[in-house]
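An overview of the molecular structure
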Amino acid sequence: MASAIAALNAKIRSHPVLNYVCSTHFWGPVSNFGIPVAAVMDTKKDPEIISGKMTGALVVYSAVFMRYALAVTPKNYLLFGCHFVNECAQLTQGYRYVNWWHYGGREKALAERAKSEAKAGQAMITPPQKNRRVDIPEN
């Protein structure tokens with residue numbers, strides 16, 4: 001049985017594509033792609049929930065690992081691509097965070113929300129109708 005497994009492993013490792021798919025150079029970045037996918041999905045959410053500290057940490061993390069992906073031998077372009085996407089998404093989130101909390105984005109959004117609520121409230125007020133009969137039930 002052990003010789004059959006060893007023969008199968010030798011056959012897989014002799015094929016360059018299968019050898020790559022069975023390595024950590026492939027599965028590490030593939031499993032890591034959850035982070036940039038989540039970051040890209042978060043760009044549609046309210047900027048009030050963005051954590052500035054976490055966004056900063058992920059910007060540094062992705063920059064370090066982009067450098068690492070090109071420093072190892074052989075170069076791991078899949079890992080580089082994963083962290084490049086994450087770096088772009090985190091920089092976008094960082095811009096949204098700074099704009100929301102430090103450059104008036106929050107105040108502007110609150111003012112627009114109050115204006116739209118006031119406008120909606122005015123639309124709901126209807127003038128009273130004349131000659132409308134109201135029946136009051138007797139006890």
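Let me sum up the structure you'll find in this document. Please read these numbers as outputs of a predicted model, since none were measured by experiment. (Residues numbered from 1 in each chain as written. Predicted model: local features only at pLDDT ≥ 70, side-chain atom pairs only at ≥ 80, totals over all residues. Heavy atoms only, no water.)

**With respect to unusual backbone geometry**
Applied cut-off: Helix and strand assignments follow DSSP, with helices taken as H or I runs no shorter than four residues and strands as E runs no shorter than two, numbered in order from the N terminus.
Cis geometry marks the peptide bond from T73 to P74, where omega comes out at -5°. On the secondary structure map, P74 appears in the loop between α5 (52–71) and α6 (77–102).

**Quick notes on the packing of aromatic side chains**
Stated precisely, the cut-off is as follows: A pair of Phe, Tyr and Trp rings is counted when the ring centres sit within 6.5 Å of each other, with Trp represented by its six-membered ring. The angle between the planes then sorts it: under 30 degrees is stacked, over 60 is edge-to-face, the rest tilted. In this scheme, a residue with accessible area under 20% of its type's maximum is buried, one over 50% is exposed, and one in between is partly exposed, where area comes from a 1.4 Å probe on protein chains only.
Under the definition given, this model contains 3 aromatic pairs. Pairing Y61 with F65 gives two aromatic rings, centres 5.2 Å apart and planes at 55°, and the pair type is tilted. Note that Y61 and F65 are positioned in helix α5 at a spacing of 4 residues, about one turn of the helix. Classification of Y61 as partly exposed rests on a relative accessible area of 26%.

**So, a nonpolar patch on the surface**
Condition: By definition, no residue in a patch forms a salt bridge, and every one has over 30% relative accessible area; like charges are joined within 9 Å, nonpolar side chains (Val, Leu, Ile, Met, Phe, Trp, Tyr) within 5 Å. Computed by Shrake-Rupley with a 1.4 Å probe, the accessible areas treat only the displayed protein chains as cover when residues are assessed. In what follows, salt bridge is the name for a side-chain nitrogen of Lys or Arg lying within 4 Å of a carboxyl oxygen of Asp or Glu.
On the surface, V60, V64, F65 and Y68 cluster together into a nonpolar patch covering about 370 Å² of accessible area. Here V64 shows up in helix α5.

**Focus on the packing of α5 against α6**
Put simply, the rule is: To obtain each axis, a line is fitted to C-alpha atoms, and for helices this fit is confined to the stretch in contact; angles are then taken between N-to-C directions over 0 to 180 degrees. These descriptions rest on fixed angle ranges, namely under 35 degrees for roughly parallel, over 145 for roughly antiparallel, 65 to 115 for roughly perpendicular, and the rest for oblique. Note on convention: near helix rotated counterclockwise from far helix by under a right angle means a left-handed crossing. Clockwise means right-handed. Whether two residues are in contact is decided by their heavy atoms, any of which lying within 4.5 Å being enough.
Closest axis-to-axis distance for the α5/α6 pair is 8 Å, and the angle between their directions is 155°. Of the possible angle classes, the one that applies to α5 and α6 is roughly antiparallel. Considering only the axes of α5 and α6, their crossing is left-handed. Facing α5, whose interface residues are G52, T55, L58, V59, Y61, S62, A63, F65, M66, Y68, A69 and L70, α6 presents Y77, L79, F80, H83, F84, N86, E87, Q90, L91, Q93, G94 and Y97.

**A closer look at the pattern of salt bridges**
Considering all chains together, one arrives at 2 salt bridges under this definition. Across the pair D42 and K45 runs a salt bridge whose closest N-O atoms are separated by 3.3 Å. According to the relative accessible area criterion, D42 is partly exposed, its value standing at 29%. By relative accessible area, K45 is classed as partly exposed at 43%. A salt bridge links E48 to R106; the shortest N-O distance between them is 3.9 Å. Pair noted here: E48 is in the loop between α4 (34–42) and α5 and R106 is in helix α7 (residues 105–124), with a separation of 58 residues, a long-range link. Overall, the relative accessible area of 36% leaves E48 in the partly exposed class. A relative accessible area of 29% places R106 in the partly exposed class.

**Some details on the side chain of S62**
Worth spelling out the cut-off: Throughout this description, a polar contact denotes any pair of N or O atoms lying within 3.5 Å of each other; where both atoms belong to protein, one of them has to be capable of donating a hydrogen while the other can accept it, and for residues adjacent in sequence the pair is counted only when both atoms sit in side chains.
If you trace the backbone, S62 turns up in helix α5. In terms of polar contacts, S62 uses its side chain to reach the side chain of H83, at 3.4 Å. Residue contacts for S62: discarding those within four places in its chain leaves H83, N86 and E87.

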